[in-house]
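Letter by letter, the chains look like this.
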Amino acid sequence: ADEALNHAQRLESVGQLTGGIAHDFNNLLTVISGNLQVLEELPSLAEDPWGRHLVDAAARATRRGADLTSKLLTFSRRQLLQPSSIDVGVLLNSLADVLRRTLDQRIRIEVDVAPSCPPVQADPAQLESALLNIAINARDAMPEGGTLRFQASPCGELPGTIRDGLEAPSRQEDGYVVISIIDTGSGMPEEVKERAFEPFFTTKEAGRGTGLGLSTVYGFAKQSKGAVAIDSAPGKGTTFTLYVPRPNRSETTVTEAVPPGKDVPK
Ligand code: ADP
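Residues numbered from 1 in each chain as written. Predicted model: local features only at pLDDT ≥ 70, side-chain atom pairs only at ≥ 80, totals over all residues.

- Under an unreviewed UniProt entry, the name given to the chain is histidine kinase, and the source organism is Piscinibacter koreensis.

1. Considering the pairing of strand β6 (residues 227–233)
Each regular strand displays side chains that alternate between the two surfaces of the sheet.
Stage number 1. Pairing between β6 and strand β7 (residues 237–245): seven bridges, direction antiparallel. What sits directly across from Val 228, in β7, is Leu 242.
Stage number 2. As consecutive antiparallel partners, β6 and β7 are separated by three residues, and within that stretch Gly 235 has a phi angle of approximately 80°, a positive value. (Pairing = 2+ DSSP bridges. Helix = DSSP H or I, 4+ residues; strand = E, 2+ residues; numbered from the N terminus.)

2. Observations regarding the site of the ligand
Stage number 1. Around the ligand, the surrounding shell holds 23 residues, and the nearest of these are Asn 137, Ala 141, Thr 202, Gly 209 and Gly 213.
Stage number 2. Listed by contribution, the elements that provide at least two residues to the shell around the ligand are α4 (124–141) and α7 (213–223).
Stage number 3. Per-class residue counts for the shell around the ligand are eight nonpolar, 13 polar and two charged. (Near = placed C-beta within 6 Å. Nonpolar A, V, L, I, M, F, W, Y, C, P; charged D, E, K, R; others polar.)

3. Focus: unusual backbone geometry
Stage number 1. Positive phi, normally seen in glycine, also occurs at Phe 200, with a value near 70°.
Stage number 2. Inspection of the secondary structure assignment puts Phe 200 in the loop between α6 (190–195) and α7.
Stage number 3. Note on Phe 200: 13 C-beta atoms within 10 Å, which makes it partly exposed.
Stage number 4. Residues other than glycine seldom take positive phi values, yet Lys 225 does so here, at roughly 65°. (Buried ≥ 20, exposed ≤ 12 C-beta atoms within 10 Å, placed from the backbone.)

4. Structural notes on helix α3 (residues 88–102)
Stage number 1. In this model α3 runs 21 Å from its N-terminal to its C-terminal C-alpha over 15 residues, within 8% of the 21 Å that 1.5 Å per residue would give.
Stage number 2. Within α3 the residues assigned to the buried category are Val 88, Leu 91, Leu 92 and Leu 99. An end-on view of α3 places all buried positions within 90° of arc, on one side of the element. Of the exposed residues in α3, the ones pointing more than 90 degrees away from its buried face are Val 90, Ser 94, Asp 97 and Arg 101.
Stage number 3. On its buried face, α3 is in contact with β1 (84–86), β2 (107–113), β3 (120–122), α4, β4 (146–155) and β5 (176–183). (Expected span 1.5 Å × (residues − 1). Arc of directions from axis to C-beta. Contact = placed C-beta atoms within 7 Å.)

5. Examining the environment of Leu 36
Stage number 1. Inspection of the secondary structure assignment puts Leu 36 in helix α1 (residues 2–40).
Stage number 2. Residue Leu 36 is classed as partly exposed on the basis of its C-beta count, with 17 C-beta atoms lying within 10 Å.
Stage number 3. Discounting chain neighbours no more than four positions away, the residues touching Leu 36 are Val 55, Ala 58, Ala 59 and Thr 62.

6. Let's talk about the confidence of the model for the chain
Stage number 1. Model confidence for the chain is summarised by a mean pLDDT of 89, while 90% of its residues fall at 70 or above.
Stage number 2. This stretch, residues 253–266, has a pLDDT under 50; its non-local contacts, to residues over four places away or in other chains, come to one contact.
Stage number 3. For this predicted complex, the interface score ipTM comes out at 0.98, while the overall pTM is 0.83. (pLDDT = per-residue confidence, 0-100.)

7. Some thoughts on the sheet that holds β7
Stage number 1. Across the sheet, which stays open at both edges, the five strands sit in the order β2-β4-β5-β7-β6 with mixed pairing between neighbours. Two strands lie at the open edges of the sheet, namely β2 and β6, each paired on one side alone. Taken pair by pair, the neighbouring strands of this sheet meet at an average axis angle of 15°, ignoring direction.
Stage number 2. Bridging between β5 and β7 involves eight bridges; their strand directions are antiparallel. The residue bridging Ile 181 from the neighbouring strand is Phe 240, located in β7.
Stage number 3. Sheet contacts for α3: β2, β4 and β5; angle to β2, the most-contacted strand, approximately 175°. (Axes fitted to C-alpha atoms, helices over the stretch in contact; angles between N-to-C directions.)

Written out as structure tokens, the structure reads:
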């Protein structure tokens, strides 16, 4: 439990630090891209291919910078989320379709959603991007192919091992949906597993990984009042467990139930 708390505290302080830097950096980028837009519209630039080239390259670099800061802001939970109620079965099946078309054909993709699985309350775009980040890592861990499996089922409370590492309030009245993403890839040694959520931590060669994928997953889970955990060992594959809160019954409008014995009005 102490270890989980230390881990959470370390990520918390890294989050505050990166959040501050990312926020200031983003403001600078806004100024740069604003000026570039003015330059782009200068009439003299139309007759100046070299100038045009320089402005285009600077604009591309600014967009890359903005993408990077946006990921860091997600990690440090400064990104505004727009939660809504999401059908987990629909989401996972449509994601699986996309992955079947885009990932390596040697990777088998399975979806298993419990028939009674309730919806979750989260930002749909962010949830999808979290699942995509996890799926892409799974692909990278299975260069010879394997199986990537998505499972979802309801769950009342967070397991103690996770709850201990979270600041209060960690209890969600209406419970969670637990989404597991299971791969049959290389797995992670202990020292990688411990640092996997840190921004810029990567074991991939330069140019292949930014080390920001899992830090955005972590930030998303925390900001959505959920949690994420890794179970992994070398040669054993990896399981990511994402706990996403269910919509609060007290906050959603309750449609009146028809009393037993009465007909449903036409
Ligand atoms: P990146 O993918 O850019 O390296 P991430 O934050 O997404 O950054 O992942 C950090 C590291 O965690 C990876 O470099 C890899 O070592 C490890 N990792 C993540 N997912 C898996 C997985 N499914 N199997 C094995 N290792 C993984």
